[in-house]
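# Coordinate analysis (summary)
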Amino acid sequence: MYEQEIPGDAAHERVLSIVVPCYNEEESIPLFYRETRKAANELRQRLRVQVEYVFVDDGSTDSTLDILKKLRAQDKQVHYVSFSRNFGKESALYAGLRAANGDFVATLDADLQDPPSLLPQMIEFLDGHADYDCVATRRETRRGEPIVRSFFARMFYRIINRMSETEIVDGARDFRCMTRRFVDAVLSLKEVNRFSKGIFSWVGFKTHYISYENVERAAGKSKWNFLSLLKYSIEGIVGFSIVPLVFSSIIGLLFCLLAFAGIVFVVVRAMMFGDPVAGWPSMICVILLMGGLQLFSLGVLGEYLAKTYIESKDRPIYVVAEEG
Ligand code: UDP
Ligand code: MG
């Protein structure tokens, strides 16, 4: 999408594209850019790898776009894509990957929770191991995170990995460095409901994991709350597993068998001892249970139907307002 502006004799140097999704990150971007420049210098001098930046402004309402434009004016290696509204981080990542031209592409958060200083090490690893196409990161601990959130996060990974054939790595961050063919594979998945942790794993290839300590945000605040995380988890499960659907059929079948045994029991008992009316409360309980289960199964079915509905509209994943 962009012409590469590689200065002078560096024409055969390889390029690393750094993709950064930004949503209201006016405070973080200058810090991020300063920090990443250090890594870029090291990459250029030691590994002869040029860096281009692809910032994706995900419909920010603060001065993020102005800051990006200023950076673009100062540094020709900076590019930006600005969305017409907030489309979410997953869409921003997709747009960034599409706009990236590099032989390698790295994705980083703007808040410096993903240390850019790891980039040279990642490229070195990919250079040294031709059979690997991706270096990803995971955090060793969830220190600094609310306990309730860690608990639910752990539970989520346990559940999804039981259900899904695609492995979803616990604690894996979206910070990773990929080769061109890995990126092309990721881009070939054009679904609207993008659950990156699943997509990165689904495309296959070998991925090497580096662990590091959880780092607090440099500035601004996290855009996640409990509800958005819950939605994200359901997205992940529905996107990468159909086990919940199978579950409802199994529960349904089980209850049919149970009911059949119950009918036989009641009929035999009525024939032997007569049929005095009793047991209203227990009946109501059973009716409520059955009704609940039916609605639950309908809900599960609805989740999948809704996703199918959205995908079938084939809407674009994002709309660009401006780029440079
Ligand atoms: N982000 C985005 N669109 C959104 C929400 C977040 O592009 O709708 C970006 C955000 O600017 C940051 C990254 O995604 O660069 C991670 O967001 P955040 O730090 O809020 O998430 P956390 O690190 O808490 O998981
Ligand atoms: Mg963050």
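Along each chain, numbering runs from 1 in the same order as the chain's sequence is written. Chains and ligands are labelled sequentially in the order written, the chains with letters from A and the ligands with numbers from 1. The predicted origin of the model limits local features to residues at a pLDDT of at least 70 and limits the giving and counting of side-chain atom pairs to 80 or more, whereas totals for whole chains, interfaces and linings rest on all residues. Heavy atoms throughout the structure, all of them, feed into the side-chain values; hydrogens and water do not.

## Focus on the site of ligand 1
Applicable threshold: One heavy atom within 4 Å of a molecule or strand makes the whole residue count as near it. Polar contacts here mean pairs of N or O atoms no more than 3.5 Å apart (in protein, one a potential hydrogen donor and the other a potential acceptor; neighbouring residues in sequence count only if both atoms are side-chain atoms). Here the accessible surface of atoms and residues is derived via Shrake-Rupley with a 1.4 Å probe, and residues count as covered only by protein chains that are part of the display. Residues are grouped as follows: Ala, Val, Leu, Ile, Met, Phe, Trp, Tyr, Cys and Pro are nonpolar; Asp, Glu, Lys and Arg are charged; all remaining types, including Gly, are polar.
For ligand 1, the set of nearby residues contains 16 residues, the closest of which are Glu 25, Asp 58, Asp 111, Gln 113 and Ser 222. Within the side chain of Asp 58, a nitrogen or oxygen atom sits 2.6 Å from a nitrogen atom of ligand 1. Here an oxygen atom of ligand 1 and a backbone polar atom of Ala 110 are 3.0 Å apart. Calculation on ligand 1 without its partners gives an accessible area of 530 Å², and the protein chains cover 89% of this total. A breakdown of the residues in the shell around ligand 1 according to their chemical character gives five nonpolar, four polar and seven charged.

## Considering the packing of aromatic side chains
Our working rule: In summary, the pairing rule links any two rings of Phe, Tyr or Trp, Trp by its six-membered ring, whose centres are within 6.5 Å, and it sorts them by plane angle into stacked for under 30 degrees, edge-to-face for over 60 and tilted for everything else. Remark: a charge is flagged as sitting over a ring if the NZ atom of Lys or the CZ atom of Arg is within 6 Å of the ring centre and within 35 degrees of the ring normal.
This model, assessed by the stated rule, comprises 15 aromatic pairs. Over the face of the ring belonging to Phe 87 we find Arg 85, whose NZ or CZ atom lies 3.8 Å from the ring centre. A cation over an aromatic ring shows up here: Arg 138 above the ring of Tyr 209, its NZ or CZ 6.0 Å from the ring centre.

## Overview of the coordination of the magnesium ion (ligand 2)
Cut-off, in case you're wondering: Sites may look incomplete because water is not among the atoms; the donors themselves are N, O and S atoms within 2.8 Å of the metal, or within 3.2 Å for Na, K and Ca. Per-residue accessibility, obtained with a 1.4 Å probe over protein chains only, is compared with the maximum for each type, and a residue is labelled buried under 20%, exposed over 50%, and partly exposed between these values.
Looking at the magnesium ion (ligand 2), one finds its protein donor set to be Asp 111 (OD) and Gln 113 (OE1), positioned 1.9 Å from the metal centre. Exposure remark for Gln 113: the relative accessible area of 18% places this residue in the buried category.

## Describing a nonpolar patch on the surface
In plain terms, the rule: Note that patches include only residues with greater than 30% relative accessible area and no salt bridge, and the join distances are 9 Å for like charges and 5 Å for nonpolar side chains (Val, Leu, Ile, Met, Phe, Trp, Tyr). Any Lys or Arg side-chain nitrogen found within 4 Å of a carboxyl oxygen on Asp or Glu counts as a salt bridge. What counts as a helix is a DSSP run of H or I of at least four residues, what counts as a strand is a run of E of at least two, and both are numbered from the N terminus.
Together, Val 148, Phe 151, Phe 152, Met 155, Ile 159, Phe 226, Leu 227, Leu 230 and Ile 234 give the surface a local cluster of nonpolar side chains, amounting to about 830 Å² of exposed area. Breaking the nonpolar patch down by element, the ones donating at least two residues are helix H5 (147-163) and helix H8 (226-240). Among the elements that take part in the nonpolar patch, H5 stands out by supplying five residues, more than any other. Mapped onto the secondary structure, Ile 234 falls in helix H8.

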